[in-house]
Amino acid sequence: MGSEVTPMKAQRIEGWASRVIAAAGQLRNMVSQTRVVDISDLAPNSGVRLYAKLENEQETGSFKLRGATNKIMSLSQAERQRGVVTASNGNHGLGVALAAQKSGTPVEVFVSEWVAPERAARIEELGAVVTRTDGQPLDAEKAARASAAQSGRTYISPYNDPDVMAGQGTVAVELLEQVTSVDAVFVTVGGGGLIGGIGAFLKHASPTTSVVGCWPRNSRVLYESLQAGHIVEYAEQKTFSDSSTGGVEKGSITFDAAQAVIDTTVLVDEDEILHAMRLVRQRHGWLIEGAAAVALAAFLKTSDGYAGKTVVVLFCGGNVSEWVRQEL
């Protein structure tokens, strides 16, 4: 993180970035280009030009539709006919379910006991078979992988897949078309596919832009893995950022990507997340989910360092769980 870019690291970043560019071409007419809006009124420092990229306005209410669509479109007709399997706490499942519906692909989504009931119901409404599992999100991922292997269907990881990561990275392609000379982008991190894709493209197209990785303190597996220098298991606690929860499987490509592209890291507490959610609702009338508020909370916590800068906060989704809604 923020370390010297070696020739080998630069080559890997260029490889990931080329995938993002290809995905942007493929998805141009398949997913919505979301708005960028000026939210400088939320910045404590009046000298900051602050923008939000509104992935909460994406068709499924989250950026996840990008990676899911890119992955399914990369499959052969025979693979799509056999069907796909995934695991999700909600947003990725919604993205895969909608992308599968549009392409006529059968889909099964494994969810953990942590999933909000209303999200599971929405996934089913899109035509997916929902299979509920005991344990944490990582347990659902393991069950989904095993089922896919046994049945010969394609497993679509929420993060550990180059096509998924490339699809998520198309957020950055749009962003640089909408805002020029971006000094920093704040991105919430779960499994790392979003920041991996975004960061790879930014390092390619706008290398002076700082990529800021943001985590809820209660769920920071990839953060702890980056500190350790290898993927670790780390106990999670309940968080308002429920859509960014879950472990990172061994060998995940997102660990290397995050290690290569993240310049700065910020941890935020639950009261800071809730404050950011309330602030956005009060000032702009938007209901953003906890994971989106993590990025804003991280900026608010560090805003003194961005005087005179142009900063973009990614609002990654707007699917607010009912238990979180009650806190607002």
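Values in this document were obtained by computation on a predicted structure and should not be read as measured data.

(A) Structural context of the packing of helix 1 (residues 7-27) against helix 7 (residues 162-178). Two elements in contact, helix 1 and helix 7, have axes whose closest approach is 7 Å; the angle formed by their N-to-C orientations is 75 degrees. By the angle between their axes, helix 1 is roughly perpendicular relative to helix 7. Contacts between helix 1 and helix 7 involve W16, R19, V20, A23, A24 and L27 on the former and, on the latter, P162, D163, M165, A166, G167, G169, T170 and V173. For the contact of helix 1 with helix 7, the class distribution of residues is nine nonpolar, three polar and two charged.

(B) Quick look at the packing of helix 2 (residues 64-74) against helix 4 (residues 91-103). Between helix 2 and helix 4, the shortest axis-to-axis distance is 8 Å and the interhelical angle comes to 45 degrees. Relative to helix 4, the element helix 2 lies oblique. Between helix 2 and helix 4 lies a crossing of right-handed hand. Each of K64, L65, A68, T69 and I72 in helix 2 lies in contact with helix 4, whose residues at this interface are N91, H92, G95, V96, L98, A99, A100 and S103. Partitioning the contact of helix 2 with helix 4 into residue classes produces seven nonpolar, five polar and one charged.

(C) Inspection of the sheet that holds strand 6 (residues 154-156) at higher detail. The strand order across the open sheet built from four strands is 5-4-3-6, with neighbouring strands paired in parallel fashion. In the strand order of this sheet, the two ends are held by strand 5 (129-132) and strand 6, each with one partner. When strand polarity is set aside, the average angle formed by the axes of neighbouring strands in this sheet is 25 degrees. Pairing geometry for strand 3 (residues 84-87) and strand 4 (residues 107-111), over four bridges, is parallel. For T86, the partnering residue across the bridge sits in strand 4 and is V109. Docked against the sheet, helix 5 (residues 117-125) engages strand 4 and strand 5, running at close to 150 degrees with respect to strand 5.

Here is what the cut-offs are and how they apply
- Here the residue index of a chain counts from 1 through its sequence in written order.
- Owing to the predicted nature of the model, reporting of local features is limited to residues with pLDDT of at least 70; listing and counting of side-chain atom pairs is limited to 80 or more, with chain, interface and lining totals taken over all residues.
- No hydrogens and no water enter the side-chain calculation; it runs on all heavy atoms of the structure.
- Where helices are involved, their axes are fitted lines through C-alpha atoms of the stretch in contact, as for all axes, and angles between N-to-C directions lie from 0 to 180°.
- Helix and strand labels come from DSSP, where a helix needs a run of H or I of at least four residues and a strand needs a run of E of at least two; each type is numbered from the N terminus.
- Oblique is the label for any angle not covered by the other classes, which are roughly parallel (under 35 degrees), roughly antiparallel (over 145) and roughly perpendicular (65 to 115).
- The contact rule is simple, with two residues in contact once any of their heavy atoms fall within 4.5 Å.
- Residue polarity is assigned by list, with Asp, Glu, Lys and Arg as charged and Ala, Val, Leu, Ile, Met, Phe, Trp, Tyr, Cys and Pro as nonpolar; anything else, Gly included, falls into the polar class.
- For any helix crossing, the convention is left-handed if the near helix is rotated counterclockwise from the far helix by under a right angle, and right-handed if that rotation is clockwise.
- For two strands to be treated as a pair, DSSP must find at least two bridges joining them.

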